[in-house]
Amino acid sequence: MSATPLLSVRHAEKHFGGTPALVDAALDLLPGEVHALMGENGAGKSTLIKILAGVVNPDRAEIALSGQAVSIPNPQTAFDLGLRFIHQELAVVPQLSVAENLFLSHAYPRRAGFLVDWRRLNQSAKTVLDQLGIAHIDPRTRMARVGTGDQMLVKIASAFVTGDRQTPAVYIMDEPTAALTSEEVTRLFGVIRELKLQGCAVLYVSHRLEEIFQIADRVTVMRDGCVVGSALINETSSEKLIRQMTGRELSQTFPARETPLDSHIVLAVRNLATEYVCEVGFDLRAGEILGLAGLAGAGCTELLRALVGADPLRHGEIRLDGETRADLTPVSAWERGFAYVPEERRSQGLILSRSIRDNITLPHLQKISRGGILLDRRSEEQLSSVVGASVRLKAIGPRQTVRELSGGNQQKVMFARAMSRTPRLLLLDEPTRGVDVGAKFDIYTLIRQVSAQSVGVVLASSDLAELLGLCDRILILREGRQTAIVAASGLSQHELLTLCYGDGDRDD
Amino acid sequence: MTTDASIEQTAARIQWGRLLRTSGTLIGFLAIIVFFTINIPNTFLTVANWLNISQQVSMLAVIAFTMTIVMVMGDFDLSVGSMASLAGIIAALLFRDSQPVIVGVLVALGVGLLGGLFNGVLVSYVGIMPFVATLGTLTMFSGLAFLLSGGETIFGRDIPADFSGFARGGIPVGMVGERTLLFPNLTLIALIVLAVVWALLEQTTFGRRLYAIGGNAEAALLGGVRVRLLRLIAFMLTGFGAALGGLMYASRVASANPTQGAGLMLDAIAAVFLGMTMSEEGEPHVLGTLIGVLILGVLDNGLTQMRVDSYVREILIGAIIVAAVTSSSLAKRGR
Amino acid sequence: MRRLAVIAIVLCIVSIGFGTVAAQDAPSVAVITPYLAQPGTQFLVEGFEAAAEDKGWNVNVIDTAGDVAAVISRIEDMVNQGVDALVINVDPAQVEAGLQIAADASIPVFGMDAGSNPLLVTNVTSNGYAMAAETASYVVDRIGCAGRVVMFVFDPYPPVQKRGIIADAIFANCPDIEVIDRITPDVNDGGIADSRAQMEAVLAANPNTGSISAVWAAWDQPALGALQAIEAAGRENEGIVIVGIDANPQALDAIAAGGNFEASVAQDFSGIGAATASAVERVLAGETITQSVIYVPTVLVTNANVGDFLDN
Ligand SMILES: Nc1ncnc2c1ncn2[C@@H]1O[C@H](COP(=O)(O)OP(=O)(O)OP(=O)(O)O)[C@@H](O)[C@H]1O
Ligand SMILES: [Mg+2]
């Protein structure tokens, strides 16, 4: 502790229109250290990071770099000071190429003084991508055509573009792994370890405890805008951290099935194919939870989109309660009792500019209004409060704008929307992405409870523990093709991963 | 370094900032009223003058209110001005053909709905960007108006007194000296349209869904909103409003001319933009549009009464719009 | 606060610049037109302003940039403001709603080349009958009350229709004049092209020298079209006399060139403006004007005096 911190923050404070986000936060980043920052959704982690990035104006903050007091009024200053950020919310320009996105905040390489040297730009981009082990992404493809996981990787990579400046010293990563598969996480960790060796400091935010214990040297816990503790990683434990974060004891065991499976088949899929998936077929029984597992780009998201009618079917059949549904669209799907949580909360899930209430009731307006026409705001708000509380939504009230919520709380709004009327079929795509540990287990309990009411559940997740803990069976997809359906009980994470990779492709 | 007093100051500043972001335009509007009241002491702040203003802006108001509906979805309709002209021409031609007033009016409104339907099909089913699609129909409607009228102004005996008399009439509400004060029919129509659009956008599931589309069309679609159908309906309503505004105009000038509505489109968009500066999220709301329309109308009325040169008046009005939108976006940037 | 500051500054500038202009006792008159951008209207307004300045009035010229409904709005505003008189330059039938309001408030409204309307005190304009009489009698004089004449008329538009009536009467008064064709050209293309085509047909039907003595047009465009047809047919030396009305720049050029296009009639726009001002003055002095139209003399333009007009 004798070394001068590379970065130190004291008395960071921020209010948003009267409600406190940061009360009095302090943090030290030592050279060569990976410092984990943990806390429940809405604890103030991202706010602290955005202050360091010059994105949010603090009410008050004392920031020092290597002992020298600095102020960071805008992102350019942060960049010039050698701070690099991976922010929680994906911000890419879909119209531009991968290479252009990587170099967005840098000067493009020039030719003849003013022409962009595209060859060199693409080459430098390739170098950065190679370094992260993601050479499969072509720097010239348009960002819009790149999958969500890969987009996240590109965003991460953009923090490693150094340009012609000195090597940056501090990396700050806000939930970089929330949208990554375990393989991608491993690669990112390799890069982080290298940064450590170079003497850089890394601030790392994640809700995944096992990651923290893998990569971090020290962990700081925040609660309600304050730092409530900081410890070396080998002096703490999961239980301790959870207690510090939530203030309660929490069992980390998945809720077990308590009712036997129904024999009724809710959803039958036969030989289904869309532009992105094919050869999919399964029967989902009432009360069953079916997992979807696969590597990045394997087609889990696309299969769910096909089931909800968002992508047109090439051929095949979807039968709901024995009746063939050829004309499925998201509208008719919700009307028939499907409930769907899409993968990407900001681009596909939420209306950020509207209130929690508006977001939660959007698919249910027909039922919850007067005659399907006149709004009934009181019932809407009652419903929103109730389902919001059931997922531990941290908000001022149902009328708060979703944009103002922390990332994890935005995710909870989407889940609350799907759960606000008991569905017939629940389609979940990464439902706990960015959700804190405590709320995650509440969500698991809710999924279990709703499945006990003869609801069929299809759950896609990159969190293998989640799949194994909740599902009855797991459907494996590889390159858009269904390769197996296996029973979950007795399966280990390693075995599941091997199934995802396919036979003998790889074993580690 | 930081004292308690300065913390309180910051907190106060934050509150003020939030208030200014959303009510700055309203405060500006009130300031304009105060200014004219001081400078035109005898005639500005009178019932008669405000009834005048309400009547003067009524056509613009109807078009701006219904324009708000498509702008809620983040779309535009550039064709409203030429639709207004076309509606006037169609009604006038039917009148010339000695059709009853009601027939002319209904047919013209029907043409408004049809034109809106056409816009809606292009935008939501064919998938053309609203700016391009309605730029195209702007020219089409205008060409049609010229073709039907032969480029002439239809006026005089061709326009029945029942039709032109409507714009001059009103409901007697009192006396000023020996003159009866009328609550103008045109104002009444604008108020009815305001009430309907407000109820539609703020109180119905239809409006809620339109705002959802405007916020994030993809999310709305995946959340079970019939995006295409609703967009189509919204464009039809805007087309209807444009035709209604055009008929009001024709009634007021007792004539129809293939270009007379052309100026309304930009003013309507300006009014909606002024209104958007009053919402935290920059969404259009019809009550905000009302303030926008009134700002334009009051400036015209007050500056005329103050004898400001017509061209200077135009520059001033433009400058005030730019100032309102700029300052509101600056305020929003400094969060 | 920024926005308030901006608006306050803008309004201060306005109030300094304009708020203090209006002196209290001088009569104030507003001139309202949607057509200020057109040259004729500019001469009208300048003529009016010059005369009004001599009389020491406060004149407020308002242009609504083509928007006729805004003329009504501005009339309402000026009535509300209590001006002493209003002058409009727009078809009064289209702004009757505003005229009624002015009448209710007993504010006199004058038409300046506007059209007649019972709600106007009077309308000051050129005499359409007189203009037609000037050119028709010019033709009669030139061809010695005998010959074959082609007429271009446009009866659907009343101000032009009355010109045709007068020419008909004057030609009918010469027993030896025969009107061989009375043509209504299609005006959608501006009037020149179709008139030329029609004239070509007439020329073809009357191929002999001397079979056409004159072309009388109710306005300049058909006259120009006829001129083109005659020149294209190579018959410019047959002494065919062409006359138009309005003296537009193209017609003036043709007259100055000394060809078949011999005469047109110029309206005195600034004279109309000045005459409107004196009508306003008479009414403000308490006089009642009984003429519903006041005519301002027009000038026949020929090769002899065309130079005076080309200078302008
Ligand atoms: N723009 C804003 N306006 C109002 N409140 C805000 C805004 N941004 C954040 N907040 C509030 O500040 C608090 C802290 O949010 P922050 O995003 O820092 O949480 P977090 O710790 O990153 O949570 P998560 O784990 O969910 O990402 C939350 O209660 C949030 O609602
Ligand atoms: Mg966060």
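All values derive from a computational prediction rather than experimental measurement. Positions within a chain are numbered from 1, following the residues in the order the chain's sequence is written. Key to labels: chains lettered from A, ligands numbered from 1, both in the order written. Only residues with pLDDT of at least 70 get local features here, since the model is predicted, and only at 80 or more are side-chain atom pairs given and counted; chain-wide, interface and lining totals rely on the full set of residues. Neither water nor hydrogens contribute to the side-chain values; these are computed over all heavy atoms in the structure.

1. Remarks on the overall build of chain A
At step 1: Broken down by element type, chain A carries 18 helices and 22 strands.
At step 2: Taking 508 residues into account, the globule formula puts the C-alpha radius of gyration at 23 Å, and chain A, at 23 Å, falls close to it.
At step 3: Considered along the principal axes of its C-alpha atoms, chain A spans approximately 70 × 50 × 45 Å.
At step 4: Exposure classes here rest on a 1.4 Å probe applied to the protein chains alone. A residue is buried below 20% of its type maximum, exposed above 50%, and partly exposed in between. By the burial criterion, 56% of the 508 residues in chain A qualify as buried.
At step 5: The contact criterion used throughout is that any non-hydrogen atoms of two residues lie within 4.5 Å. When contacts within chain A are restricted to residue pairs at least 6 apart in sequence, those whose partners lie at least 24 apart make up 67%.
At step 6: The Shrake-Rupley method, run with a 1.4 Å probe, gives the accessible areas here. Residue values count only the displayed protein chains as cover. Per element, the accessible surface of chain A, about 20,800 Å² overall, is 49% carbon and sulfur.
At step 7: Placing the 56 positive and 60 negative side-chain charges of chain A at their respective mean positions leaves the two points 4 Å apart. Where helices and strands are cited, they refer to DSSP runs of H or I of at least four residues and of E of at least two residues respectively, numbered from the N terminus. With C-alpha atoms as the basis for the radius of gyration, the globule rule is written as 2.2 Å multiplied by the number of residues raised to the power 0.38. For the charge count, each Lys or Arg is scored as positive and each Asp or Glu as negative, with His and the chain ends excluded. Where a charge sits is defined by one atom per residue type, namely NZ (Lys), CZ (Arg), CG (Asp) or CD (Glu).

2. Re the interface of chain B and chain A
At step 1: Across the boundary between the two partners, chain B contributes 29 residues, which contact 41 residues of chain A.
At step 2: Interface of chain B and chain A: buried area, both sides summed, is about 2,900 Å²; carbon and sulfur atoms make up 50% of it.
At step 3: Salt bridges are defined as contacts in which a side-chain nitrogen from Lys or Arg sits within 4 Å of a carboxyl oxygen from Asp or Glu. Put simply, chain B and chain A have six salt bridges between them.
At step 4: With its nearest N and O atoms 2.8 Å apart, the salt bridge here joins Glu283 of chain B to Arg354 of chain A.
At step 5: Of all the elements in the fold, those that place two or more residues in the side of chain B that touches chain A are α1 (4-39), α7 (185-203), α8 (205-215) and α9 (217-222) of chain B.
At step 6: For the side of chain B that touches chain A, the leading source of residues is α8 of chain B, giving six residues.
At step 7: Residue type decides the class: Asp, Glu, Lys and Arg count as charged, Ala, Val, Leu, Ile, Met, Phe, Trp, Tyr, Cys and Pro as nonpolar, and the leftover types, Gly among them, as polar. Here the residues of the side of chain B that touches chain A are counted per class, giving nine nonpolar, eleven polar and nine charged. A 1.4 Å probe defines the accessible area here, and the buried area is the portion of it lost by two parts on being joined, summed over both.

3. Describing the arrangement of the chains
At step 1: Among the two pairs of chains in contact, the pair with the most contacts is chains B and C.
At step 2: Chain A shows no contact with chain C. Their nearest C-alpha atoms sit 18 Å apart.

4. Thoughts on the coordination of the magnesium ion (ligand 2)
Between any two of four tetrahedral donors, the ideal angle at the metal is 109.5 degrees; between two of six octahedral donors, it is 90 or 180 degrees.
All names here are of chain A.
At step 1: The donor set comprises N, O and S atoms within 2.8 Å of the metal, extended to 3.2 Å for Na, K and Ca; water molecules are omitted, so apparent gaps in a site may simply reflect that omission. Taken together, Ser46 (OG) and Gln88 (OE1) make up the full set of protein donors to the magnesium ion (ligand 2), lying 1.9 to 2.1 Å away. Placement of Ser46 in helix α1 (residues 45-52) and of Gln88 in the loop between β6 (83-86) and α3 (98-102) is noted, with a sequence separation of 42 residues between them. Considered together, Ser46 and Gln88 belong to a single accessibility category, that of buried residues.

5. Let's talk about the interface of chain B and chain C
At step 1: Between chain B and chain C, the residue contacts involve 48 residues of the former and 40 residues of the latter.
At step 2: Note on chain B versus chain C: buried area summed over both sides is about 3,900 Å², and carbon and sulfur give 58% of it.
At step 3: The interface formed by chain B and chain C holds three salt bridges in total.
At step 4: Notably, a salt bridge pairs Glu96 of chain C with Arg168 of chain B, separated by 3.2 Å at the nearest N-O pair.
At step 5: We call two N or O atoms a polar contact when they sit within 3.5 Å, provided that within protein one can donate a hydrogen and the other can accept it, with sequence-adjacent residues counted only if both atoms are side-chain atoms. Taken together, the connections running from chain B to chain C amount to 21 residue pairs in polar contact (both at pLDDT 80 or more).
At step 6: By residue number, the principal contributor to the side of chain B that touches chain C is helix α13 (residues 310-333) of chain B, which donates twelve residues.
At step 7: Here the side of chain B that touches chain C is built from residues that sort into 20 nonpolar, 20 polar and eight charged.

6. Here we look at the sheet that holds strand β8 (residues 214-217) of chain C
Residue and element names in this part refer to chain C.
At step 1: When DSSP finds two or more bridges between a pair of strands, those strands are recorded as paired. Taken together, six strands build an open sheet; the order of strands is β7-β6-β8-β9-β10-β12 and the sheet is mixed. Looking at the sheet topology across the chains shown, the edges are occupied by β7 (176-183) and β12 (299-302). Shown here is a sheet whose adjacent strand axes are inclined to one another by a mean of 20°, direction ignored.
At step 2: Note on geometry: axes are C-alpha line fits, over the in-contact stretch for helices, and angles between N-to-C directions span 0 to 180 degrees. Packing of helix α9 (residues 249-256) onto the sheet brings it into contact with β10 (261-266) and β12, and relative to β10 it is tilted by some 140°.

7. Observations concerning the site of ligand 1
All names here are of chain A.
At step 1: If even one non-hydrogen atom of a residue comes within 4 Å of a molecule or strand, that residue is called near it. With respect to spatial proximity, 20 residues lie near ligand 1, and among them Lys45, Ser46, Thr47, Ser406 and Gly408 are the closest.
At step 2: At a separation of 2.7 Å, an oxygen atom of ligand 1 approaches a polar backbone atom of Gly408.
At step 3: Within the complex, 89% of the 640 Å² of free accessible area of ligand 1 lies under protein.
At step 4: Every element with two or more residues in the shell around ligand 1 is listed here: α1 and α15 (407-419).

8. So, the pattern of salt bridges
Residues and elements named next belong to chain A.
At step 1: Evaluated as defined, the whole model comprises 46 salt bridges over all chains.
At step 2: The shortest N-O distance in the salt bridge between Asp217 and Lys196 comes to 2.9 Å. Remark: Lys196 occurs in helix α6 (residues 182-197) and Asp217 occurs in the loop between α7 (209-215) and β11 (218-223); sequence separation between them is 21 residues.
At step 3: According to the relative accessible area criterion, Asp217 is partly exposed, its value standing at 24%.

9. Focus on the sheet that holds strand β16 (residues 315-320) of chain A
Strand pairing within a sheet occurs via backbone hydrogen bonds; the two strands may be parallel or antiparallel.
All names here are of chain A.
At step 1: Overall, antiparallel pairing links the four strands, which are arranged β14-β13-β16-β17 in an open sheet. Each edge of the open sheet is held by one strand with a lone partner, namely β14 (280-285) and β17 (323-324).
At step 2: Relative to β16, strand β13 (residues 265-273) runs antiparallel, the two being bridged by five bridges. Each residue of the ladder has a partner; that of Arg270, found in β16, is Glu317.

10. Thoughts on the state of the cysteines
All names here are of chain C.
At step 1: In this description, a disulfide is simply a cysteine sulfur pair whose atoms lie within 2.5 Å. Taken as a whole and judged by the stated rule, the model has one disulfide over all chains.
At step 2: In this model Cys145 forms its disulfide with Cys174; the gap between the sulfur atoms is 1.9 Å. Disulfide Cys145-Cys174: torsion about the S-S bond near -95°, hence left-handed. Taken as a pair, Cys145 in the loop between α5 (128-142) and β6 (146-152) and Cys174 in the loop between α6 (158-172) and β7 lie far apart in primary sequence, 29 residues in all.
At step 3: Residue classification places Cys174 among the buried positions, given a relative accessible area of 5%.

11. What to know about the environment of Asp220 of chain C
Residues and elements named next belong to chain C.
At step 1: For Asp220, the position within the fold is in helix α8 (residues 220-232).
At step 2: Sequence spacing of Asp220 and Ile242 is 22 residues, and the spatial spacing of their C-alpha atoms is 9.9 Å.
At step 3: There is a polar contact of 3.1 Å between the side chain of Asp220 and the backbone nitrogen of Ile245.

12. Here we look at the confidence of the model for chain B
Fine structural detail should not be taken from predicted coordinates in areas where pLDDT scores are low.
At step 1: pLDDT expresses, on a scale from 0 to 100, how confident the predictor is about each individual residue. Looking at chain B as a whole, its pLDDT mean stands at 89, while 92% of the residues score no less than 70.
At step 2: Note on residues 1-8 of chain B: pLDDT is under 50 here. Beyond four places in sequence and across chains, it has three contacts.

13. Description of a negative patch on the surface
At step 1: Here the term patch refers to residues with relative accessible area over 30% and no salt bridge, with like charges joined within 9 Å and nonpolar side chains (Val, Leu, Ile, Met, Phe, Trp, Tyr) within 5 Å. Negative charge collects at one region of the surface, where Glu46, Glu49, Glu53 and Asp54 of chain C lie side by side.
At step 2: Of the residues examined, Glu53 of chain C reaches a relative accessible area of 65% and is grouped as exposed.

14. Here's the deal with α1 of chain A
Residues and elements named next belong to chain A.
At step 1: Counting buried residues along α1, seven of its eight residues qualify, which places the element largely inside the surrounding structure.
At step 2: Along α1, the residues that are buried comprise Lys45, Ser46, Thr47, Leu48, Ile49, Ile51 and Leu52.
At step 3: The positive-phi residue at the C-terminal boundary of α1 is Gly54, with phi of around 75°.

15. Things to note about the pairing of strand β12 (residues 226-232) of chain A
Residue and element names in this part refer to chain A.
At step 1: Examined bridge by bridge, β11 and β12 share six bridges and lie antiparallel to one another. Note on β12: the bridge partner recorded for Arg223 is Cys226.
At step 2: Where β11 folds back on β12, the antiparallel hairpin that results is connected by two residues, among which Asp224 adopts a positive phi of roughly 50°.

16. Regarding a nonpolar patch on the surface
Residue and element names in this part refer to chain B.
At step 1: Where nonpolar side chains cluster on the molecular surface, the patch consists of Val121, Tyr125, Val126, Ile128, Met129, Phe131, Val132, Leu135, Leu229 and Ile233 and spans about 840 Å² of accessible area.
At step 2: Counting only elements with at least two residues in the nonpolar patch, the list comes to α4 (101-126), α5 (130-149) and α10 (227-253).
At step 3: Here Val121 shows up in helix α4.

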